[in-house]
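Okay, here's what each chain looks like letter by letter:
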Amino acid sequence: MATPGEASDGAAARRALQAVATGRLHPLSWLFILLQQLKSFALPIGVLLVSGRGEQSTWELWGLAGAGVLALVSVWRYFTFRYGFAERALVIRSGLLERNLRVIPFDRVQNVTLHQTLLHRLARVAEVRLESAAGGHGGIGRAEAQMQVLPLAEAHTLEATVRGTGLLASGVEAGAAPPPDTEATRWLHLPTAELVRLGLISNRGMLVVAGAFWVLTQAGEGVMDAVSNAAFETGKRSVALAEGWQPGPLAWATGALLMLVVLFAAVRLLSVGLAIIQFHDFQLWSGPRELRVERGLLNRVRTHLPKRRIQAYSLSESFLHRRFRRQSLRVDRASSDVANEAQSVRDLVPVATPASMDAILAALLPGAAWPPQLWRPLHAQAWWRVFALPALLLVLVTVPLVAWHGPLALWLLAALPVMLLRAHLWARYSAWSLEDGVIAFRQGWLDRQWRFVETAKVHGVSLHESPFDRRHGMASVLVDTLGTSPLVPSLRVPYLPAVEARLLAEALRAAMPRDAGINPARTGASAAPAA
């Protein structure tokens, strides 16, 4: 229990911190907060309005009432939010009835992100987001602090102060960018031509199409029926018009093929547009301890990533990548960006030539250990391990179908040779490497992938053996790291000879840092690799 003197000292310290926090948000911040809240509630409100039908006026009144409440909350946040600096810490106080005082040491902040939409740039403001090593005050994926919004000059000053560059507010003109970091080197800049290649390679357009279809399915039966009827009527009229020309089978086939080509081209053009919007003027800068990424056409994002926070790498080279002689690189961070993917730096290098990619990875990895030179094959029966279970499932599905539908269902077994060929090719082109402090696994023939981790950042190692594996003398090694995305599994080196797998697991465990039983990769205390 605190003594009266200690309580008095604590209250005095709290008052001193509150007195430091005098900075305010931009006068228009309430408007941007309101717009973001309305954006979050736009879909459910739209669904209610569409599905309300006869009670349309009632739903409109509820919608107006909700918007009014959100507006009051936004204005309340503007008048009660203050920030300031105390030694090497950021002080934030907010709330009036329930007051909240937070002190965020600079050394706990791992990333400072400046985010600007088109409206932000017109108003000369920016949203500032601070992320900590723990992934946020409320858990992984949330920001330690989020200021929505600050005048652009103050946002640059806050960014520079937290990062320790000593930039003064008086030295930055309103709306101007901060002075360039003389110690930073620009590793990569993507012109528009590269973004066109990225759009042609990627399938971002299909994601938009799938998202639009999902919105239609959630918009109610009325909207879905209207869209279906419009599509049916358009198709019916097109068929009737074509029948008036009396086309033959060749003309029908040519028309169908032409329609598929048009649809494919439309999706690719959409992908190109999305790539340009997301990665316009993409720049990757490297400083002594951190990377900086700037990108975006409508929404401009400027974010930082300490090099020591990179936990794992995923290098991809699809068939289209190889046609364009390009590769793409993604990274896993110690603090996840799942809740705010739009502002993350998971796409560290969206697209680059293999030579540029090798140079970037050689600078990021210790001892310039990329690309590896000593690749080792998998177990000789690895192909059988990949083929056996899918083939068995296919046979089990085919047997009842033959009983119900006759011998015609045996055509499903024609997939077995294709599955066998795929298993052989996968095993032939898969390999692993442990070289110069990097554990790597590659796989794929048409689409190639490399997954690799620095051994100094390995969080855990485990050995996996199924009954099939034990019978054939093989095992798999699972390498765990922090910041792994649910969509990107941990590094797995599968189907090695059992003795070789155990030796690999022991080597990885021996390479894990053991400073007082704490993994520096887990705490962010490991030394930053030199660029």
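Residues numbered from 1 in each chain as written. Predicted model: local features only at pLDDT ≥ 70, side-chain atom pairs only at ≥ 80, totals over all residues. Heavy atoms only, no water.

**Notes on the overall build of the chain**
Secondary structure summary: the chain contains 16 helices and 19 strands in total. Here the contacts in the chain between residues at least 6 apart in sequence split such that 60% fall between residues at least 24 apart. For the chain, the exposed surface amounts to about 28,900 Å²; the carbon and sulfur share of it is 65%. (Helix = DSSP H or I, 4+ residues; strand = E, 2+ residues; numbered from the N terminus. Contact = heavy atoms within 4.5 Å. Areas by Shrake-Rupley, 256 points an atom, 1.4 Å probe, with all protein chains shown as cover.)

**Some points on the pattern of salt bridges**
Enumeration according to the criterion identifies 16 salt bridges in this entry. Note that arginine 346 is salt-bridged to aspartate 332, the shortest N-O span being 2.9 Å. With a gap of 14 residues between them, arginine 346 in the loop between strand S12 (327-333) and strand S13 (349-352) and aspartate 332 in strand S12 connect regions that are remote in the sequence. Exposure class is identical for arginine 346 and aspartate 332. Each is buried. With a shortest N-O distance of 3.9 Å, lysine 457 and glutamate 454 are connected by a salt bridge. When its relative accessible area of 6% is taken as the criterion, glutamate 454 is described as buried. (Salt bridge = Lys/Arg side-chain N within 4 Å of Asp/Glu carboxyl O. Buried < 20%, exposed > 50% of the residue type's maximum accessible area, 1.4 Å probe, protein only.)

**A look at the side chain of arginine 333**
Looking at the element boundaries, arginine 333 is found in strand S12. Of the residues examined, arginine 333 reaches a relative accessible area of 2% and is grouped as buried. A polar contact is formed between the side chain of arginine 333 and the side chain of glutamate 131, at a distance of 3.1 Å. (Polar contact = N/O pair within 3.5 Å; in protein donor to acceptor, adjacent residues only side chain to side chain.)

**Some points on unusual backbone geometry**
With an omega of 5°, the peptide bond between glutamine 148 and valine 149 qualifies as cis. Counting through the fold element by element, valine 149 comes out in strand S6 (residues 145-151). A positive phi angle, near 55°, is found at aspartate 281, a position not held by glycine. With respect to the element layout, aspartate 281 can be found in the loop between helix H9 (249-279) and strand S8 (282-286). The phi dihedral of aspartate 436 is positive, around 55°, even though this residue is not glycine.

**Some words on the sheet that holds strand S11 (residues 310-317)**
Strand order in this open sheet of six strands is S13-S12-S11-S16-S15-S14, and the pairing throughout is antiparallel. Because the sheet does not close on itself, it has two edges, and the strands there are S13 and strand S14 (431-435). The sheet shows a mean angle of 15° between the axes of neighbouring strands, taken without regard to direction. Pairing of S12 with S13 involves two bridges; the strand directions are antiparallel. By the bridge assignment, leucine 329 is partnered in S13 with valine 349. Where helix H15 (residues 498-511) meets the sheet, it contacts S14 and strand S15 (438-443), and its direction lies at approximately 35° from that of S14. (Pairing = 2+ DSSP bridges. Axes fitted to C-alpha atoms, helices over the stretch in contact; angles between N-to-C directions.)

**Considering the packing of aromatic side chains**
Within the structure shown, the criterion is met by nine aromatic pairs. Arranged with centres 6.3 Å apart and planes meeting at 90°, the rings of tyrosine 83 and phenylalanine 85 form a pair that is edge-to-face. On the basis of relative accessible area, phenylalanine 85 is assigned to the partly exposed category, the value being 32%. Arranged with centres 6.0 Å apart and planes meeting at 65°, the rings of tryptophan 426 and tyrosine 495 form a pair that is edge-to-face. Of this pair, tryptophan 426 sits in helix H13 (residues 415-429) while tyrosine 495 sits in strand S19 (residues 491-497), and the two are 69 residues apart along the sequence. The burial state of tryptophan 426 is the same as that of tyrosine 495; both residues are buried. Taken together, Tyr83, Phe85 and Phe106 form an aromatic cluster joined through their ring pairs. (Phe/Tyr/Trp six-rings, centres within 6.5 Å; stacked < 30°, edge-to-face > 60°.)

**Description of the packing of helix H12 (residues 382-405) against H13**
Interhelical geometry of H12 versus H13 gives an angle of 155° and a closest axis separation of 8 Å. Viewed along their axes, H12 and H13 adopt a mutual orientation that is roughly antiparallel. When the axes of H12 and H13 are compared, the crossing they make is right-handed. For the pair formed by H12 and H13, the contact residues are Ala382, Trp383, Val386, Phe387, Pro390, Ala391 and Leu394 on the first element and Ala415, Leu416, Met419, Leu420, Arg422, Ala423, His424, Trp426 and Ala427 on the second. (Parallel < 35°, antiparallel > 145°, perpendicular 65-115°, else oblique. Left-handed = near helix turned anticlockwise from the far one by under 90°.)

**Looking at the nonpolar core**
Judged by nonpolar contacts, the single largest core of 31 residues is most densely connected at Leu284, Tyr313, Leu348, Val349, Leu361 and Phe452. With four residues, helix H11 (residues 354-364) is the single largest residue contributor to this core. If we ignore the near neighbours within four places in the chain, the residues touching leucine 361 are Tyr313, Leu315, Leu329, Trp370 and Phe452. (Core = buried A, V, L, I, M, F, W, Y, C linked by side-chain atoms within 4.5 Å.)

**A look at the sheet that holds S6**
Read across the open sheet, the seven strands follow the order S6-S5-S4-S10-S9-S8-S7; overall the sheet is antiparallel. Each of the sheet's edge strands pairs with one partner strand only, and the pair in question is S6 and strand S7 (185-190). Across this sheet, the average inter-strand angle for adjacent strands is 15°, counted without regard to direction. Where S8 lies against strand S9 (residues 290-295), four bridges are found, and the strand directions are antiparallel.

**Here we look at the pairing of strand S18 (residues 474-480)**
If a strand is regular, its side chains alternate between the two faces of the sheet. Burial within S18 is extensive, with five of its seven residues counted as buried. With five bridges connecting them, S18 and S19 associate as antiparallel partners. Paired with valine 479 across the strands is leucine 491, a residue of S19.

**Section: the pairing of strand S1 (residues 82-85)**
Taken together, the four bridges between S1 and strand S2 (residues 89-94) define a ladder with antiparallel strand orientation. Of the residues in S2, the one forming a bridge with glycine 84 is valine 91. What sits between S1 and S2 in their antiparallel hairpin is a turn of three residues, with glutamate 87 showing a positive phi close to 55°.

**So, the confidence of the model for the chain**
Averaged over all residues, the pLDDT of the chain is 79; the fraction at 70 or higher stands at 72%. Segment residues 166-180: pLDDT under 50, and 23 contacts once partners within four positions in sequence are set aside and those in other chains are kept. (pLDDT = per-residue confidence, 0-100.)

**Notes on the environment of valine 125**
On the secondary structure map, valine 125 appears in strand S5 (residues 125-132). Apart from residues no more than four positions distant in its own chain, valine 125 is found in contact with His26, Phe32, Gln116, His120, Val149, Leu150, Pro151 and Leu152.

**Topic: a nonpolar patch on the surface**
Residues Leu28, Leu31, Leu35, Leu38, Leu118, Leu119, Leu122, Ile277, Leu297 and Leu298 make up a contiguous nonpolar surface patch of about 810 Å² in total accessible area. Elements represented by at least two residues in the nonpolar patch include exactly helix H2 (29-52) and helix H4 (118-123). Mapped onto the secondary structure, leucine 119 falls in helix H4. (Patch = residues over 30% accessible without salt bridge, like charges linked within 9 Å, V, L, I, M, F, W, Y side chains within 5 Å.)

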